[in-house]
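Per-entry structural report
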Amino acid sequence: MRIETIVLRELAMRLKAPFETSSEVTWNRRVLLVEVGCDGVIGWGEITAAEEPFYNAETTDTAWHIFKDFIVPAVLGKSVQHGAEIQGLLASIRGHQMAKAGLENALWDIEAQQEGIPLARLLGGTQAEIPCGASIGIQESIPALCRKIDTELRAGYQRIKLKIKPGKDLDVIGGVRARYPEINLMVDANSAYALQDLNRLRSFDQYHLTMIEQPLSWDDIYQHAVLQAQLETPICLDECIHTPSHAEAAIQLRACRVINIKLGRVGGHSLARQVHNVCLRNSIPVWCGGMLESGVGRAHNIAMSALPGFVLPGDVSASQRYWHEDIIAPEVEVSDHGTIKIPNLPGLGYAVRRERVEALTVRREHWTTGVRSILPVM
Ligand code: OSB
Ligand code: MG
């Protein structure tokens, strides 16, 4: 695959409703899409950075800068046999996993199309259908939250994840658990607590949560190990795991019993698969996290979730949960028993609706290798 053209776009997309976590409220999503052309085949990737650096260090604008000034010059005109080789070309760029993932994932899409197989199969996926959960942002009241939960359960979602923060935790969890004694329920704190909150966090144990996601600092594995030793509820790490080596360290330190894998956070399909393999080898179950993606990011998440270690319901959900109209066809749909079927078409398996992408584009840059060689490739 020779990287002949790259287009980077920013799309202005508005969520159906604001999504609130312990650290931010998102309503307008600035979606960065990467379109790569190799040997006449087009592949798509999404850069999942948020507008503000409140989840991880990247933002929409840092990703644009790194992509344009460092990633494009490192790869334009280069040839690779597999998407996984992109990491080698980008090795001198420290961090910026989300920006790198946008490019790498587009190359995986191209490779799968060239092979004529679904991306999930190219990645080594073994599952035909994946279990889905719903992540629900912080709500103004418990009745409002319960109305949302009712909707998601009626739609078939297999587990409910509540966003919490100090002051919006025990009452919320207790209220929800009293009303739904049996459901698969978990919470995500997005790093809103500290070890001093140990007693409060221990009191979550009485509610039989399937896990508590990222209670402590976004970049501190050791403190989670201290906490996990004193909690019955399994800890799931999200923000902390940026590399396969972090996954190994977290598991060996017993900092968590579950890992949430996000393609953007770890740098794309090849590194995500390595994190997955570390977990599988250590019998740590994983699930696919979400970053309020457009259909392109959603389609990549679905393909990754076919890998054998993705045994828990993830945050991959229907396009209609977030968007009035997505940018892919068909949109992502969830069955009434809370599953998504892995598409059986070459590549991503969802078509990107170019006219819709163009209509939403507010910023665009384009690079090309220019004159095409007429000499045979040596
Ligand atoms: O921590 O999982 C998270 C959304 C934005 C930032 C961080 C997170 C989330 C979610 C959304 O929980 C999950 C989704 O995309 O459905
Ligand atoms: Mg999370």
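1. Concerning the packing of helix H5 (residues 142-155) against helix H6 (residues 170-179)
Contact geometry of H5 with H6 gives a least axis separation of 10 Å together with a crossing angle of 50 degrees. By the angle between their axes, H5 is oblique relative to H6. Seen from above, H5 lies across H6 with right-handed handedness. Of the residues in H6, those touching H5 at Ile142, Leu145, Cys146, Ile149 and Asp150 are Asp171, Val172, Val176 and Arg179. Broken down by class, the residue content of the contact of H5 with H6 amounts to six nonpolar, no polar and three charged.

2. Overview of empty space enclosed by the protein
For the structure on display, the rule yields three cavities of 30 Å³ or more. In this structure, the largest cavity occupies an estimated 80 Å³ of space. Surrounding the largest cavity, Glu46, Thr48, Ala101, Asn105, Leu263, Gly264, Glu293, Val296, Gly297, His300 and Asn301 form its lining. Of all the secondary structure elements, the ones that give two or more residues to the lining of the largest cavity are helix H3 (97-115), helix H10 (263-266) and helix H12 (295-304). If you tally residues by element for the lining of the largest cavity, the top one is H12, at four residues. Split into classes, the residues belonging to the lining of the largest cavity amount to three nonpolar, six polar and two charged.

3. A look at the pairing of strand S1 (residues 3-20)
For S1 and strand S2 (residues 25-38), the ladder comprises 13 bridges, and the chain directions are antiparallel. Considered in S2, the bridge of Glu10 is made with Leu32. Note that S1 and strand S15 (residues 361-368) share seven bridges and pair antiparallel. If you follow Val7 over to S15, its bridge partner there is His366.

4. A word on the site of ligand 1
In the neighbourhood of ligand 1, 15 residues make up the surrounding shell, with Asp188, Asn190, Lys262, Leu292 and Tyr322 lying closest. Asp188 has a polar side-chain atom sitting 3.0 Å from an oxygen atom of ligand 1. Between ligand 1 and Tyr322, the relevant distance is 2.6 Å, taken from an oxygen atom to a side-chain nitrogen or oxygen of the residue. Its free accessible area being 390 Å², ligand 1 has 97% of it covered by the protein chains. For ligand 1, the cavity whose grid points lie within 2 Å of the majority of its atoms is the largest pocket. Broken down by class, the residue content of the shell around ligand 1 amounts to five nonpolar, three polar and seven charged.

5. Here's the deal with the pattern of salt bridges
With the rule as written, the count across this model stands at 24 salt bridges. For Glu365, the salt bridge goes to Lys68, with nearest N and O atoms at 3.1 Å. Taken together, the residues Glu365 in strand S15 and Lys68 in helix H1 (residues 60-75) connect sequence positions 297 residues apart. Judged by relative accessible area, Glu365 falls into the partly exposed class, the value being 24%.

6. Details of the domain arrangement of the chain
Accessible area lost on assembly of the parts is the figure often given for the size of an interface. When cut into domains, the chain gives domain 1 (3-117 + 352-373) and domain 2 (121-347). Taking only C-alpha atoms into account, the centre of domain 1 sits 23 Å from that of domain 2. Each partner contributes to the interface: domain 1 provides 39 residues, whereas domain 2 provides 48 residues. At the boundary of domain 1 with domain 2, total buried surface from both sides reaches about 3,900 Å², with 64% on carbon and sulfur atoms. It is Lys16, Phe19 and Tyr55 that lose the most area in domain 1 upon contact with domain 2, and together they represent 20% of the buried surface on that side. Notably, a salt bridge pairs Glu325 with Arg356, separated by 3.8 Å at the nearest N-O pair. Residue assignment for the side of domain 1 that touches domain 2 shows that the elements contributing at least two residues are S1, S2, strand S3 (41-47), H3 and helix H14 (354-360). Along the lines of polarity and charge, the residues of the side of domain 1 that touches domain 2 split into 18 nonpolar, 10 polar and 11 charged.

7. Overview of helix H11 (residues 269-281)
Along its 13 residues, H11 runs 18 Å from first to last C-alpha, staying within 8% of the 18 Å computed at 1.5 Å per residue. Of all the positions in H11, only His269, Ser270, Leu271, Ala272, Val275, His276, Val278 and Cys279 are classed as buried. Immediately downstream of H11, the backbone of Ser283 shows phi near 55 degrees, a positive value.

8. Points about the coordination of the magnesium ion (ligand 2)
Looking at the magnesium ion (ligand 2), one finds its protein donor set to be Asp188 (OD), Glu213 (OE) and Asp238 (OD), positioned 2.1 to 2.3 Å from the metal centre. The sequence pattern formed by the donor residues of the magnesium ion (ligand 2) is D-x24-E-x24-D. Note that Glu213 is positioned in strand S8 (residues 212-213) and Asp238 in the loop between strand S9 (235-237) and helix H9 (244-252), a separation of 25 residues in sequence. With a relative accessible area of 0%, Glu213 lands in the buried category.

9. Describing the environment of Leu32
Within the fold, Leu32 resides in strand S2. Leu32 sits in the buried class, given a relative accessible area of 1%. Considered as a pair, Leu32 and Ala12 are 20 residues apart in the sequence and their alpha carbons are 9.1 Å apart. Here Leu32 is in contact with Leu8, Arg9, Glu10, Gly45, Glu46, Ile47, Thr60, Ala63 and Trp64, once residues within four sequence places are set aside.

10. Brief notes about unusual backbone geometry
Backbone torsion omega between Ala329 and Pro330 reads -10 degrees, so that peptide bond is classified as cis. By the element assignment, Pro330 lies in the loop between strand S12 (328-329) and strand S13 (339-341). Phi is positive for Asp39, which is not a glycine, with a value near 50 degrees. As for its position among the elements, Asp39 is in the loop between S2 and S3. Notably, His96 is not glycine yet its phi reads approximately 55 degrees, a positive angle. Among the structural elements, His96 can be located in the loop between helix H2 (86-89) and H3. Using a relative accessible area of 25% as the deciding quantity, one classes His96 as partly exposed.

Criteria and thresholds
- Residues numbered from 1 in each chain as written.
- Chains lettered and ligands numbered in written order.
- Predicted model: local features only at pLDDT ≥ 70, side-chain atom pairs only at ≥ 80, totals over all residues.
- Heavy atoms only, no water.
- Axes fitted to C-alpha atoms, helices over the stretch in contact; angles between N-to-C directions.
- Helix = DSSP H or I, 4+ residues; strand = E, 2+ residues; numbered from the N terminus.
- Parallel < 35°, antiparallel > 145°, perpendicular 65-115°, else oblique.
- Left-handed = near helix turned anticlockwise from the far one by under 90°.
- Contact = heavy atoms within 4.5 Å.
- Nonpolar A, V, L, I, M, F, W, Y, C, P; charged D, E, K, R; others polar.
- 1 Å grid on protein atoms, 1.4 Å probe; cavity = no way out; pocket = protein on both sides within 12 Å on 5 of 7 lines; lining within 4 Å.
- Points joined across faces, edges and corners; volume = space filled by probe spheres on them.
- Pairing = 2+ DSSP bridges.
- Near = heavy atom within 4 Å.
- Polar contact = N/O pair within 3.5 Å; in protein donor to acceptor, adjacent residues only side chain to side chain.
- Areas by Shrake-Rupley, 256 points an atom, 1.4 Å probe, with all protein chains shown as cover.
- Sits in = over half its atoms within 2 Å of the grid points.
- Salt bridge = Lys/Arg side-chain N within 4 Å of Asp/Glu carboxyl O.
- Buried < 20%, exposed > 50% of the residue type's maximum accessible area, 1.4 Å probe, protein only.
- Domains from an automatic or database assignment.
- Buried area = accessible area lost by both parts, 1.4 Å probe.
- Expected span 1.5 Å × (residues − 1).
- Donors = N, O, S within 2.8 Å, 3.2 Å for Na, K, Ca; no water.

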